[in-house]
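Spelled out from the first residue to the last, the chains are:
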Amino acid sequence: MSVAKMMRPDELSERKSLRDRLKESTRIATSDPEMSNLSGTLRRGATYSGIALIATQLVAFVQTLVLARLLTPEELGVYVVGTILTGFLVTVSEAGLRLALIQRDKDVDRSAETVFWVTGAMGVFFAAGAIGTAPLLGAIFGDPTVALIAATNAGTLIIHGLTNVPDGLMQRRFNFRRRLIVDPARVVVFAVVTIVFAALGYGAWSQVIGNYAAMITWLGLSWAFAGWWPGFVRPSVRIWREMARFAYPLLLQALVDRVRTAGETAILGRSLSTDAVGQYRYGQRLSLIPANAVVQIGSYVLFPAMSRLADDPAQLTDAFLRALRIAWVPSAGVAALTCAIGEPAVVILLGAEWREAGQAFVAMSGYGLGIALHAAASEAIKATGRTPLLNWTTGTSIVLGIGLLVVLVPFGLIGVGLAISATELAIGVIVLVLTHRVLPFPPVRLIRILVVPAVIAAIPAAGVGVAERIWLRADERETLTSIAILMGQTVAFAVLFVAGLILTAPASARRVFESVRYRLCRSSARREDNDRDVDDTSFEATTVALPVIDADATIVLRVYRSEWPADAPTVPLIVDIRAVRLSDGGPSSDAPAVDNRTDAAPIRRSPPPRPSPRPPLDPGRRPSPRPRHPPPHGGAG
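Predicted, not measured: the structure shown is a model, and the values here were computed from it.

Caption draft 1: Here's a closer look at the pattern of salt bridges. Considering all chains together, one arrives at 16 salt bridges under this definition. Residue glutamate 24 pairs with arginine 27 through a salt bridge whose shortest N-O separation is 2.5 Å. Linking glutamate 24 with arginine 27, this pair stays in helix α2 (residues 9-29), spanning three residues, or about one helical turn. On the basis of relative accessibility, which here comes to 37%, the residue glutamate 24 falls in the partly exposed class. Using a relative accessible area of 47% as the deciding quantity, one classes arginine 27 as partly exposed.

Quick look at the structure:
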């Protein structure tokens, strides 16, 4: 006997009802996003991403400071080396299909089903491969702890494979709960769990435990908010082939980036020491803060939005140039300030033993600039479907990145940082040239966007840097004094940088200020309207209001005592009306005017109606039951 026959009818109907709800939720999750107010959606997405970024970066910064006191550079280096393999295999298991799902504009339901099964199966396959090759990794670095960490961390490949579809669908539909809830929750869980276990003396294993806790949090929240469930349609080999053609250049680019990262770590570990790897990783983490700001705030909304604008080249070009300006201006300021006070800032915040990390941080200041160029341009190329053009950046990344690293590694971490900065800047320039082939924008406008902010940032940075090295020397003073000097230098640079931008682009500054003032005024008007006391007079008993035609041919609202219960539903009126009581048979002078408008605009009261020239109707007169027709000609009168 089947399970369905053994179930009671109410249980079977409940099961069908649950399946119907899941199916409807999946249909909504794979539907097209709302595009009627795209500019508002982008502004809202950038705002939400900025809020989430500030929260996550603050947590990550505090985590970095605390772990620097609890863990040694060698313990950090062991974890970095042990997770090289899983970091590489995560990219392979995703295969660029998540981005292909975001760009997809047809058969989205079957595409999501296909991506789910393909990436899930690849996650399981590569997790088994990571466990099998972990001893080889330990033998290469001569540390059995590296092999154990590599094998233990293999389970994150399966978890990551299960997050691709929910994350991709949320990004495609501009669902910002991933930015506002999922990402901050993952960062907070990792920081709290890692710090707790590091304080308990778990060393490098504290980061392994924290990573698992963060991944499980990411998985649960993504599935809860995406609203998508597998099993309602069948996967398709044809769709997988179409998506693979789009994703192949992206997969190749991601693989090369992982190979380059793994190569950099291996070269440092073999040429220098695990302590140098830990110093390098902390310097890289600090340099990634501004780069992550550009990527997290911009790319999350840029790629799906530009994909919807691919059929309008003029609008897509304008969106690209605006995104490039927004990404470049703050990146130029942060890079200049890093060159000026980066090293003493790291020493003050982390301690004197991390001075080499501060030097690497300064040398990698160009990393954020390259990411700013690459982020906006690559999103435009991917949105148009011309992903094979990105193969140029892939080749440049692996050849120039590894080549410069081998040449400059004898100069220590400073040479490593310079190699990374030069590589990212070169990739950014190449992507801009490729974007010009897809979107022919004016080169003069591009030069104005890039050169002017860079020059403005360099001038105050030079002054702050000279003052720090000759007179202030913040890293040689007491902690509180050093922090005060550091904050003063940052504020001085920010004021001079913003003043220079205003002087060189007064029209743009005026538009920004007007936009901010308009939003503040509109927000204030809304708050005042919400606080407005709409009606100070309330009826003593439950009432019902009916519009009727009065004797003078005007429409009024008569209020009657109702027999309805007190909790009966009511409908608010959005027009200016005149309330009339029937207690005395006519309009009452003390009847309150009902005004339930919710907008901030003032209401112009209508003047009182003029009396009708017709005589009032006789209350005792009864209408004739016969229709009123004129008498026939010649009939009796």
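Let us keep going from here.
Caption draft 2: Fine view of a nonpolar patch on the surface. On the surface, Val188, Val192, Val196, Leu200 and Tyr202 cluster together to form a nonpolar patch covering roughly 440 Å² of accessible area. Along the chain, the position of valine 188 falls in helix α11 (residues 177-199). Residue classification places valine 188 among the partly exposed positions, given a relative accessible area of 36%.

Caption draft 3: Up close: the packing of helix α15 (residues 313-350) against helix α21 (residues 479-504). Interaxial distance between α15 and α21 falls to 11 Å at its minimum, and their mutual angle equals 165°. By the angle between their axes, α15 is roughly antiparallel relative to α21. Like other packed secondary-structure pairs, α15 and α21 cross with a definite hand, here right-handed. On α21, the residues that touch Val329, Gly333, Ala336, Leu337, Ile341, Ala345 and Ile348 of α15 are Ser482, Ile483, Leu486, Gln489, Thr490, Phe493, Phe497 and Leu501. Per-class residue counts for the contact of α15 with α21 are 11 nonpolar, four polar and no charged.

Caption draft 4: Structural context of the packing of helix α5 (residues 84-94) against helix α7 (residues 108-141). Direction vectors running N to C along α5 and α7 enclose 155°, while the axes themselves pass 9 Å from each other. For the element pair α5 / α7, the angle class is roughly antiparallel. At the point where α5 passes α7, the crossing takes the right-handed sense. On the side of α5, the interface is formed by Ile84, Leu85, Leu89, Val92, Ser93 and Glu94, while α7 contributes Thr119, Met122, Gly123, Phe126, Ala130, Thr133, Leu137 and Phe141. Among the residues forming the contact of α5 with α7, the class breakdown is nine nonpolar, four polar and one charged.

Caption draft 5: Broad picture of unusual backbone geometry. In this structure, aspartate 107 takes a positive phi of about 50° despite not being glycine. Turning to its location among the elements, aspartate 107 is positioned in the loop between α6 (97-103) and α7. One non-glycine residue, phenylalanine 174, lies in the positive phi region at around 55°. Note on placement: phenylalanine 174 falls in the loop between α10 (164-172) and α11. Residue classification places phenylalanine 174 among the buried residues on the basis of a relative accessible area of 7%.

Conventions we followed
Residues numbered from 1 in each chain as written. Predicted model: local features only at pLDDT ≥ 70, side-chain atom pairs only at ≥ 80, totals over all residues. Heavy atoms only, no water. Salt bridge = Lys/Arg side-chain N within 4 Å of Asp/Glu carboxyl O. Helix = DSSP H or I, 4+ residues; strand = E, 2+ residues; numbered from the N terminus. Buried < 20%, exposed > 50% of the residue type's maximum accessible area, 1.4 Å probe, protein only. Patch = residues over 30% accessible without salt bridge, like charges linked within 9 Å, V, L, I, M, F, W, Y side chains within 5 Å. Areas by Shrake-Rupley, 256 points an atom, 1.4 Å probe, with all protein chains shown as cover. Axes fitted to C-alpha atoms, helices over the stretch in contact; angles between N-to-C directions. Parallel < 35°, antiparallel > 145°, perpendicular 65-115°, else oblique. Left-handed = near helix turned anticlockwise from the far one by under 90°. Contact = heavy atoms within 4.5 Å. Nonpolar A, V, L, I, M, F, W, Y, C, P; charged D, E, K, R; others polar.

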